[in-house]
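These are the residues of each chain, in order.
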Amino acid sequence: MKCDHCDRDATVHEVTMRNGVRIEKHLCDQCAAQRGVTVQPNAPINELLKQFMTQGITPGIQVVPQSRQSACPTCKLTFAEFKQQGMLGCPDCYRAFEGQLLPLLERAQEGGQEHAGKRPRRMTMSGSLTPAPQPVLAAPKTPPALPSADRERVLATMRKALESAVAQEKYELAAKIRDQIKGVEDGAIPLVPATRPPTQGGTP
Amino acid sequence: MNDDVPFPAPNEGDLSALERGAEWLKGEGESTDVVFSSRVRLARNLANTRFAIKATKADRQQTLDTCRDCIMKAGLDVSLAWADLHTMNPLDRSMLVERHLISKPHSKGRGTNQADDPRGVALSAPDERLAIMVNEEDHLRIQCIRSGLALSQAWRDADTVDDKLEAQLDYAFSPRLGYLTACPTNVGTGLRMGVMLHLPGLRLTGEIEKVKRAADGMSLVVRGFYGEGSEAVGDLFQISNQTTLGRSEGEVLRMLELEIIPKVVEYERVSRRELLAKRRVGLEDQVWRAWGELTHARLLTTDEAMRALSLVQLGVVTGLIRPRTPSAPGPTLTARLLHMLLLFIQPAHLQRVVGREINQEQRRVARATFLRSRLMGLAEDR
């Protein structure tokens, strides 16, 4: 594929969604560098994350300007400092910057929004975050009836079905599956286990 | 160039002690023709305690004291040694980095970019399977290493240590986001699980790029010998999970151990078979040239030596280079010996071999001399 701006081969491909419109850019190394689009193959994820943040805007996500001045009440780290260093100042920063961090996390963690996995057996809530009462962004409106790990498993199966439908060129079916995945991800389609598993004890 | 560097006979007793550890170089276990080692790392932080960039030196010291006391009294089923890194001499710190027991940034004081930043490491002795770094980027980093493809075992080890520490320490944890870490890219499980692979076949056939692209599409990351940002020198690659939020430890483990890694291992074996079948003479030439370099060169950089050792290793596992049957008891040319040499040619280890600090130029001489002395006469040219 040729570069959008010259005759060289395009090596950098960027796809962004703006107001539901898919925008594709195909650039060669030089044009990409001139336009400030830098891609480092196999770059460590925190460097990429830092790159997104220092650019100020991640595609489709507006960074709220006034939040730049807000600081974590515990350690006084500002979001601007975080953007510079890529490191948080204390565990409470996660709550202080929740609104800005969640979309970044979702992107850096390739869609992962919620912890699935081990939990400390003995959990003191002091200093630990509790679930936000009003999640700012990207949280399902109705909590899923399935534990998140199971929900992820269902979603993984659906994504596989989607891939296989696309591979077999069954596009109508693929579109249906895609919509269902979106529904489950948004919480619009609640997942309910056929028979309720026994309640898991031990973890608050 | 100084070519009259004295090369004292290494203190064999001292070196054999160093050889005994280094679990990742043992060459034991499953799929060791391709998989050097399996590694699991857990990032953990103390509740109500500032991370490195906002902590004072007193905070850091307190974290160090709390964690060290807890680790040493946790009743872990191993014999532990503790080392304060801020007071340790830089050469010894570099040796720990070369043995993959601490990270390079931890050696330098990553948290605050200050060499005197209070920090330390607890090591299981003598097997070096467990290393718990204190005051690295996170307050605690639990690392478990096993030789060969043994991720389940490494995970069980790390999980057990984590349970025992957690019984005494309050971790920073959010029910929604999981274990809270200094860098948000580790939040969730705080888990990095991966293997160190020797992939000369895939490099020589040019298929390695496909593996990298495939890994990229599966939220995995392929890195070099010394981790983040390092080159894949000596055809050694680390493949590990990239994301930590949304997938449980079990899911990551199953994906890597049952699906991805066996496929890469098989892919490498197929590449080696193809090279033997279709480019045998070319391959023979390369591995024997490497042998010639290691047994005859007078100056060798670390990278040159690692590249040659990689090819010789390939020659040994494919049967192109045959170990000579020793007429008297002595070292034989084995994967384990080559692994150990890989470690001892690293700058800090080499200085330990020589017994004093030497500069880069002197190291090139010492490295070539050391390799000649260890390898000469061990292979049979049919």
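Given the structure is predicted, the values throughout are model-derived calculations rather than measurements.

Peer 1: What am I meant to see in the overall build of chain A here?
Peer 2: Scanning chain A from terminus to terminus reveals seven helices and two strands. Helices and strands in chain A line up, N terminus first, as β-β-α-α-α-α-α-α-α. Residues classed as buried in chain A amount to 34% of the 204 residues present. Pairs at least 24 residues apart make up 42% of the contacts formed inside chain A by residues separated by at least 6 positions. Accessible surface, chain A as shown: approximately 12600 Å² in total, 54% of it carbon and sulfur.

Peer 1: I'm lost on helix α13 (residues 360–375) of chain B in this one. Help?
Peer 2: In an α-helix, one full turn covers 3.6 residues, which means residues spaced three or four apart are oriented alike. Residue and element names in this part refer to chain B. The terminal C-alpha atoms of α13, which comprises 16 residues, lie 22 Å apart, in line with the 22 Å expected from a rise of 1.5 Å per residue. Looking only at α13, the buried set comprises Gln362, Arg363, Val365, Ala366, Arg367, Ala368, Thr369, Phe370, Leu371, Arg372, Arg374 and Leu375. For α13, the capping residue at the N-terminal end is asparagine 359, with a side-chain oxygen 3.1 Å from the backbone nitrogen of glutamate 361. Positive phi shows up at glycine 377, right after α13, with a value of about 85°.

Peer 1: In this structure, what is going on with the side chain of Ser38(B)? I would like to understand it.
Peer 2: Residue and element names in this part refer to chain B. Along the chain, serine 38 falls in strand β1 (residues 35–44). Of the residues examined, serine 38 reaches a relative accessible area of 0% and is grouped as buried. A distance of 2.6 Å separates a polar atom in the side chain of serine 38 from the backbone oxygen of glycine 148.

Peer 1: Looking at this structure, how should I read the pattern of salt bridges?
Peer 2: Opposite charge on two side chains allows them to pair when their charged atoms are near. On inspection of all chains with the given rule, the structure shows 26 salt bridges over all chains. Ionic pairing is found between Asp163(B) and Arg121(A), a salt bridge with its closest N-O pair at 3.0 Å. With Asp163(B) in helix α5 (residues 151–166) and Arg121(A) in the loop between α5 (98–108) and α6 (148–167), this residue pair bridges two chains. By relative accessible area, Arg121(A) is classed as exposed at 63%. One salt bridge connects Asp157(B) with Arg146(B), and the closest N-O pair in it is separated by 2.9 Å. In this pair, Asp157(B) is assigned in helix α5 and Arg146(B) in strand β5 (residues 140–147), connecting sequence segments eleven residues apart. Both residues of the pair, Asp157(B) and Arg146(B), count as buried. Residues joined by salt bridges that share partners form a network here, namely Lys118(A), Arg121(A), Arg44(B), Asp159(B), Asp162(B) and Asp163(B).

Peer 1: Which parts of the structure should I look at to understand unusual backbone geometry?
Peer 2: Most peptide bonds take the trans form, and the phi angle of most residues other than glycine is negative. Residues and elements named next belong to chain B. In this model, alanine 125 is joined to proline 126 through a cis peptide bond whose omega is 0°. Positive phi, normally seen in glycine, also occurs at aspartate 235, with a value near 55°. Assignment of secondary structure puts aspartate 235 in the loop between β9 (220–223) and β10 (236–241).

Peer 1: I would appreciate a short explanation of the packing of helix α12 (residues 347–354) of chain B against α13(B) in the present structure.
Peer 2: Angle between the axes and distance between the axes are the two parameters that describe a pair of packed helices. All names here are of chain B. Closest axis-to-axis distance for the α12/α13 pair is 10 Å, and the angle between their directions is 75°. Here α12 lies roughly perpendicular to α13, going by the angle between them. Counting all contacts with α12, which are made through Pro347, Leu350, Gln351, Val353 and Val354, the residues of α13 involved are Arg363, Ala366, Arg367 and Phe370. Considered class by class, the residues forming the contact of α12 with α13 number six nonpolar, one polar and two charged.

The rules behind each value
- Residues numbered from 1 in each chain as written.
- Chains lettered and ligands numbered in written order.
- Predicted model: local features only at pLDDT ≥ 70, side-chain atom pairs only at ≥ 80, totals over all residues.
- Heavy atoms only, no water.
- Helix = DSSP H or I, 4+ residues; strand = E, 2+ residues; numbered from the N terminus.
- Buried < 20%, exposed > 50% of the residue type's maximum accessible area, 1.4 Å probe, protein only.
- Contact = heavy atoms within 4.5 Å.
- Areas by Shrake-Rupley, 256 points an atom, 1.4 Å probe, with all protein chains shown as cover.
- Expected span 1.5 Å × (residues − 1).
- Polar contact = N/O pair within 3.5 Å; in protein donor to acceptor, adjacent residues only side chain to side chain.
- Salt bridge = Lys/Arg side-chain N within 4 Å of Asp/Glu carboxyl O.
- Axes fitted to C-alpha atoms, helices over the stretch in contact; angles between N-to-C directions.
- Parallel < 35°, antiparallel > 145°, perpendicular 65-115°, else oblique.
- Nonpolar A, V, L, I, M, F, W, Y, C, P; charged D, E, K, R; others polar.

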